[in-house]
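Each chain is listed here by its residues.
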Amino acid sequence: MNNPEKYMNPYLAGFLLGLTLLVTIYITGRGLGASGAVKSAVVAVVQTVAPAHTESAKFYKEYYDEHPGNPLKNWLVFEIIGVVIGAFISGLVSNRLKLTLEHSPKIKSRTRIAGALIGGALFGFGAQFGRGCTSGAALSGMAVFSTGGLITMIAIFGGAYAFAYFFRKLWL
Amino acid sequence: MGPLVPDVIGNQLNLVVALFVGIAFGFVLEQAGFSTSKKLVGLFYGYDFTVLRVFMTAGVTAMIGVVALDHFGLLDISQILINPTFLWSAIVGGIIMGLGFVIGGFCPGTSVCAAAIGKIDAMIFIAGSLLGVLVFAEGYPMFEGLYKAANWGNVQIFNTLGMSQSLFAFLLTAMAVGAFWGVTVIEAKVNGKMDPEYKSKKLYYGLTILAGVIALSAFVMPDRKDELMGSIQDKGFVTNYNVNEMTSDELAFRIMDSDQKLQIFDLRAQKEFDSLALPFSARYDIQNFFDKETGKKLSYRNMKNVFVANDEYTEKQGAVLAKELGFHDIYVLKGGLNGFRKDILNFEQPGEPKNRRETDTYRFRNEAKTTIPVLIKEYKQKQAPKESSKPKRKLVGC
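Keep in mind the model is a prediction, meaning the values are calculated, not measured.

About the criteria used
- Residues numbered from 1 in each chain as written.
- Chains lettered and ligands numbered in written order.
- Predicted model: local features only at pLDDT ≥ 70, side-chain atom pairs only at ≥ 80, totals over all residues.
- Heavy atoms only, no water.
- Helix = DSSP H or I, 4+ residues; strand = E, 2+ residues; numbered from the N terminus.
- Buried < 20%, exposed > 50% of the residue type's maximum accessible area, 1.4 Å probe, protein only.
- Contact = heavy atoms within 4.5 Å.
- Areas by Shrake-Rupley, 256 points an atom, 1.4 Å probe, with all protein chains shown as cover.
- Lys, Arg positive; Asp, Glu negative; His and termini not counted.
- Charge placed at Lys NZ, Arg CZ, Asp CG, Glu CD.
- Core = buried A, V, L, I, M, F, W, Y, C linked by side-chain atoms within 4.5 Å.
- Disulfide = S-S within 2.5 Å.
- Pairing = 2+ DSSP bridges.
- Buried area = accessible area lost by both parts, 1.4 Å probe.
- Salt bridge = Lys/Arg side-chain N within 4 Å of Asp/Glu carboxyl O.
- Polar contact = N/O pair within 3.5 Å; in protein donor to acceptor, adjacent residues only side chain to side chain.
- Nonpolar A, V, L, I, M, F, W, Y, C, P; charged D, E, K, R; others polar.
- Domains from an automatic or database assignment.
- Arc of directions from axis to C-beta.

**A closer look at the overall build of chain B**
- Scanning chain B from terminus to terminus reveals 18 helices and 7 strands.
- Viewed in the frame of its principal axes, chain B has a C-alpha envelope of about 100 × 55 × 35 Å.
- Within the span of chain B, comprising 398 residues, buried residues form 51% of the whole.
- Excluding contacts between residues fewer than 6 apart, the proportion of contacts in chain B whose partners are at least 24 apart in sequence is 69%.
- In the form shown here, chain B has an accessible surface area of approximately 18900 Å², with 60% of it arising from carbon and sulfur atoms.
- Across chain B, the centroid of the 42 positively charged side chains sits 3 Å from that of the 39 negatively charged ones.

Right, dumping it as structure tokens:
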């Protein structure tokens, strides 16, 4: 098998990503996102497992008010399915498809697994407060000059820098 | 005029659009190297600033694109989702996400992208994020206070900071370009060598200049709205502008004739409109002509769009704006509603008609004087149950 190809120039990639976002705004009137799809997935699962619960708990009631219908028939869910396909195609053409658990050689797989799980949980939790994540709040918010989006962006990256020192052993 | 959803592209087709947008999004993220946590966290340890480069370039590109589309009237900004601002929730959420970023090495979008090419750590991150959302959902009553505190609405940053949109776009672009140079220096120091990707000074000087030109162009594209609103404040410009006129008699005749091709745009204040609204009329603020909804109404074919206000000059300001925005078949009511009141509603015959023409006119006006008030009353009753606020597209963020 050939070696993985090198990554695209970041400025070119950024420009293409910006165009993707711009076209999305022009066509749909909304930006890109990711954590919203996670939220829809959670609602769909809870709805299936404990339907009575979703009818009484406030979070789900507010979700249904905002998104009537099947939670999986949602714009962001379709977009995320697209992301999986797009990333897979990219991995395929650039020889990067490989099942691996990637981590720094200095830490054990166990540590990386715990880190990924905790980090993911924090991100998912924080994205609810932020009303979106790096894509939905920060990037898409920046494109439309949203004050909240930019504040969230500064908080995400500022927070990450503030905590980076304490978790350096995970990465360096 | 964008956005194309829901008028041109229906809500079902929009889901197909979402799929294709996602494919482009995922492809670019993966090509940029966002499918490995090693590259993502490099940002926080100074050895790889790819994330900053891609993120800021994308943000600035889309932002300037939005400014340009708005400027050329291709996109109705009032129809776009501006992420709402809940101050404390945004800050706390952002910091928690930042912590999640350095511990987990991904963000939700990049984790999906990495999982798609087989990264097991990314799959675990996704499982974690499902748990995180679940915790929030189940503990919602506890978090709701913070979640909904300090609601600033859908504010935009240049308003918050009190500067123009163009100035903010320029400053942000300048900051981004400055950051690109700065981080390249930091990166070279941390890694002990320059990444060959960024060695070509010429290319990057060129790109810097290009970014400068594009950022400056934000100033040449002042909000089109401001520009046009400015031009209709120019008295000479408005007075000399050629606009079709419709006389009080013709308007009265068309109203009595129930002319289906008549649309009246009433520019007076809501209070005045409520006390006397002509049949076929609806109230508009001059600002409304920039909206997609109003634009649609103004572009119906073969309609006569009559602008009314108390005085003719105000009508003309509205008409000039509409014509500058490219709408056709615009008329102003000659003499304004003041004239219409005098000629029709409160018509007093000045004396015996002196000729045939005056006879006809007087007869018509006397008839209109009794008929139109009845039509006005009927119209008011018909309108009453209608809500005055227009339905807004409901859009909810990420």
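There's more to say after this.
**Overview of the nonpolar core**
- In this structure, Leu17 and Met142 of chain A together with Phe44 and Phe101 of chain B are the most contacted members of the largest nonpolar core, which totals 95 residues.
- Here the element with the most residues in this core is helix 3 (residues 50–71) of chain B; it accounts for 13 residues.
- The contacts of Leu17 of chain A, once residues within four sequence positions are left out, are Leu32 and Leu139 of chain A together with Phe25, Val28, Leu29, Val54 and Ala58 of chain B.
- Counting 23 residues, the second-largest nonpolar core is a separate cluster that includes Val243, Phe290, Leu298 and Ala319 of chain B.

**Points about the state of the cysteines**
Residue and element names in this part refer to chain B.
- Going through the model one piece at a time under the given rule, you end up with 0 disulfides over all chains.
- This cysteine, Cys113, is not joined by any disulfide, and Cys107 carries the nearest cysteine sulfur, 9.4 Å off.
- Looking at Cys113, the relative accessible area reads 0%, which means it is buried.

**Things to note about the environment of Thr314 of chain B**
All names here are of chain B.
- On the secondary structure map, Thr314 appears in helix 16 (residues 312–324).
- Under the relative-accessibility criterion, Thr314 is labelled partly exposed at 24%.
- For the pair formed by Thr314 and Phe253, sequence separation is 61 residues and the distance between their alpha carbons is 23 Å.
- Leave out the neighbours within four places in its chain, and Thr314 touches Leu267 and Ala309.

**Let's talk about the pairing of strand 7 (residues 330–333) of chain B**
Residue and element names in this part refer to chain B.
- Burial along strand 7 is two-sided: Ile330 and Val332 and Tyr331 and Leu333, pointing in opposite directions, are all buried.
- Looking at chain direction, strand 3 (residues 244–246) and strand 7 are connected through 3 bridges and run parallel. Looking at the pairing, Glu245 lines up with Val332 of strand 7.
- Pairing between strand 6 (residues 304–308) and strand 7: 3 bridges, direction parallel. Across the sheet, residue Asn305 finds its bridge partner in strand 7, namely Ile330.

**Here's the deal with the interface of chain A and chain B**
- Across the boundary between the two partners, chain A contributes 121 residues, which contact 132 residues of chain B.
- Carbon and sulfur atoms supply 74% of the area that chain A and chain B bury against each other, a total of about 11200 Å² over both sides.
- Taken as a group, Tyr11, Arg131 and Phe145 of chain A account for 9% of the area that chain A buries against chain B, more than any other trio of residues on that side.
- Viewed at the interface, chain B and chain A are joined by 6 salt bridges.
- Between Glu197 of chain B and Lys6 of chain A there is a salt bridge; the shortest N-O distance is 2.9 Å.
- Where chain A meets chain B, there are 49 residue pairs in polar contact (both at pLDDT 80 or more).
- Mapped onto the side of chain A that touches chain B, the elements with two or more residues apiece are helix 1 (10–28), helix 2 (35–49), helix 4 (58–66), helix 5 (75–93), helix 6 (109–130), helix 7 (134–143) and helix 8 (147–164) of chain A.
- At 18 residues, the largest contribution of residues to the side of chain A that touches chain B is made by helix 6 of chain A.
- Looking at the side of chain A that touches chain B residue by residue, the class counts come to 69 nonpolar, 37 polar and 15 charged.

**Topic: the domain arrangement of chain B**
All names here are of chain B.
- You can read the domains of chain B as domain 1 (2–222) and domain 2 (235–344 + 371–382).
- A C-alpha centroid distance of 45 Å is found between domain 1 and domain 2.
- In this assembly, 7 residues from domain 1 lie in contact with 4 residues from domain 2.
- Summed over both sides, the interface of domain 1 with domain 2 buries roughly 400 Å², with 33% coming from carbon and sulfur.
- If you sort the residues of domain 1 by the area they bury against domain 2, Asp7, Asp76 and Gln79 come out on top, with a joint share of 74%.
- Taken together, the connections running from domain 1 to domain 2 amount to 1 salt bridge.
- Among the salt bridges present, the one from Asp7 reaches Lys296, with a minimum N-O distance of 3.6 Å.

**Some thoughts on helix 17 (residues 336–345) of chain B**
Residues and elements named next belong to chain B.
- The buried fraction of helix 17 amounts to 7 of the 10 residues, a majority that puts the element mostly inside the structure.
- For helix 17, the complete set of buried residues consists of Gly336, Leu337, Gly339, Phe340, Asp343, Ile344 and Leu345. What you see down the axis of helix 17 is that its buried residues fit within an arc of 165°, all on one side.

**Some thoughts on the environment of Trp171 of chain A**
- Of note, Trp171 of chain A is situated in the segment after helix 8.
- Classification of Trp171 of chain A by relative accessible area gives buried; the value is 10%.
- Along the chain, Trp171 of chain A and His103 of chain A lie 68 residues apart, while their C-alpha atoms are 7.6 Å from each other.
- What Trp171 of chain A contacts, discounting residues up to four positions off in sequence, is Ser104 and Arg112 of chain A together with Ser37, Val41, Tyr45, Val102, Ile103, Gly104 and Gly105 of chain B.

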